[in-house]
Amino acid sequence: MLKFLKTYALFLSMMLGIVAHNIFTDVSFVTKYFMDEPLTDITFITKYMLFVMLLITYCKISPKQMKANKLHYWLAIIQLGGCFLVYALLYYFNEHAAEGALICILTPTATSAPVITGLLGGSVACLATYSIASNLAIALIAPLVFSILGAHGAAEADLTFFQAFLIICQKVVPLALFPFFLAILLKKFVPKVHEYIKTRQGISFWLWVIALALLMARTTNDLLKMDPSLQKSAFIVASVALVVCLLLFIIGRRVGTRFENTVAGGQALGQKNTILAIWMAQTFFNPLVAIAPASYVLWQNLVNSFQMWKHNRKS
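K.L.:
I'm lost on the nonpolar core in this one. Help?
P.N.:
Counting 96 residues, the largest nonpolar core has Y58, L106, F146, I168, V244 and M280 as its most contacted members. At twelve residues, the largest contribution of residues to this core is made by helix α8 (residues 124–149). In contact with M280, not counting residues within four places along its chain, are I103, T107, A142, F146, I168 and F285.

K.L.:
Would you mind showing me how to read the confidence of the model for the chain here?
P.N.:
Atom-level detail of predicted coordinates should not be read off regions where pLDDT is low. For the chain, the mean per-residue pLDDT works out to 83, and 87% of the residues sit at or above 70. Considering each helix and strand of the chain separately, the mean pLDDT is smallest for helix α3 (residues 28–31), with a value of 45, and largest for helix α13 (residues 262–270), with 96. This model gives residues 28–40 a pLDDT under 50, and the stretch forms 14 contacts once residues within four places in sequence are excluded.

K.L.:
Please clarify how the layout of surface pockets should be interpreted in this entry.
P.N.:
To find leftover empty space, a probe the size of one water molecule is rolled over the atoms. The calculated volume of the largest pocket comes to roughly 850 Å³. Going through the elements one at a time, α4 (42–58), α9 (161–189), α11 (202–224), α14 (274–284) and α15 (291–314) are the ones with two or more residues in the lining of the largest pocket. In terms of residue count, α11 provides more of the lining of the largest pocket than any other element does, seven residues in total. Residues of the lining of the largest pocket, tallied by class, amount to 20 nonpolar, twelve polar and five charged.

K.L.:
Teacher, can you tell me more about α15 here?
P.N.:
Owing to its 3.6 residues per turn, the α-helix brings residues three or four apart onto one side. For α15, built from 24 residues, the straight-helix expectation of 34 Å at 1.5 Å per residue is met to within 8% by its first-to-last C-alpha distance of 35 Å. Of all the bends found along α15, the most pronounced is centred on V297 and spans about 25°. Here α15 lies mainly inside the structure; 18 of its 24 residues are buried.

K.L.:
Could you clarify how one ought to interpret the packing of helix α5 (residues 70–90) against α13 in this entry?
P.N.:
The packing of two helices is summarised by the inter-axis angle and the distance between the axes. One way to put it is that α5 packs onto α13 with a least axis distance of 10 Å and a crossing angle of 30°. For the element pair α5 / α13, the angle class is roughly parallel. Relative to α13, the crossing made by α5 is right-handed. Contacts between α5 and α13 involve L75, I78 and Q79 from the former and G265, A268 and L269 from the latter. Class assignment for the residues of the contact of α5 with α13 results in four nonpolar, two polar and no charged.

What counts and what doesn't
Residues numbered from 1 in each chain as written. Predicted model: local features only at pLDDT ≥ 70, side-chain atom pairs only at ≥ 80, totals over all residues. Heavy atoms only, no water. Core = buried A, V, L, I, M, F, W, Y, C linked by side-chain atoms within 4.5 Å. Buried < 20%, exposed > 50% of the residue type's maximum accessible area, 1.4 Å probe, protein only. Helix = DSSP H or I, 4+ residues; strand = E, 2+ residues; numbered from the N terminus. Contact = heavy atoms within 4.5 Å. pLDDT = per-residue confidence, 0-100. 1 Å grid on protein atoms, 1.4 Å probe; cavity = no way out; pocket = protein on both sides within 12 Å on 5 of 7 lines; lining within 4 Å. Points joined across faces, edges and corners; volume = space filled by probe spheres on them. Nonpolar A, V, L, I, M, F, W, Y, C, P; charged D, E, K, R; others polar. Expected span 1.5 Å × (residues − 1). Bend = angle between axes of the 7 residues up to and from the residue. Axes fitted to C-alpha atoms, helices over the stretch in contact; angles between N-to-C directions. Parallel < 35°, antiparallel > 145°, perpendicular 65-115°, else oblique. Left-handed = near helix turned anticlockwise from the far one by under 90°.

Here it is, written out as structure tokens:
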């Protein structure tokens, strides 16, 4: 029974999040018995869950294992060059779709990617190195790219380069770095606690199952609130995001295979920091562009669920 649940848990979690999105979107019923002021922000809760998952995952690796290699350089070239190439190809077809595709490709690797990579049997150290580096690099590169493109979709787009840089850092640094440093400190000062956490890797999977239901509930709720008059345009933008998502996973896995890191390559390019992506789309572009990263949440989790299903069946 447990094997069956583990094999299909992510699919069931996604379906539950979609079907019961109204219940999961208002999570105050979960927290009202534990806190004076119930939490109602799904993002707030999933960040803490992700922090714990990353801490458990990072306890598996040593800082000495985290070294830049040729795979990382190729992934960075594909990510940066690909966003401009796809933008140029799509711009005259549909400007919003082009901007949405650019955002999806440019967005750094999800901070949760090392967790999924570990669950899929890939190299956590390889992926963690690229995830941390890409999140910090995009904090510098993204404002520059948006200024080159003349992005000015929202009032907040009047941010200076330095202001945009600081806000992006604020959104990526805590989750990208704090669990990693905490794992190092635990190993150095409380090795018994570090060893205990290290042997509890299975917890990450079940935390991800819960977090996925919450994320899918929020995504479903946001998409259903969309203005009906924009549905046709939104469908085009979401469809482009699907194609981009599949291409990123496929290309990442093929490049990773050349360097004997298939799983890490696919997750590095395909699994995106969608919370950051949605913020960048809403801040620097037309609100319609945010449909691309919002739908990307669904697409990447479908891909990850399928990969997890295949991996668990083989296991």
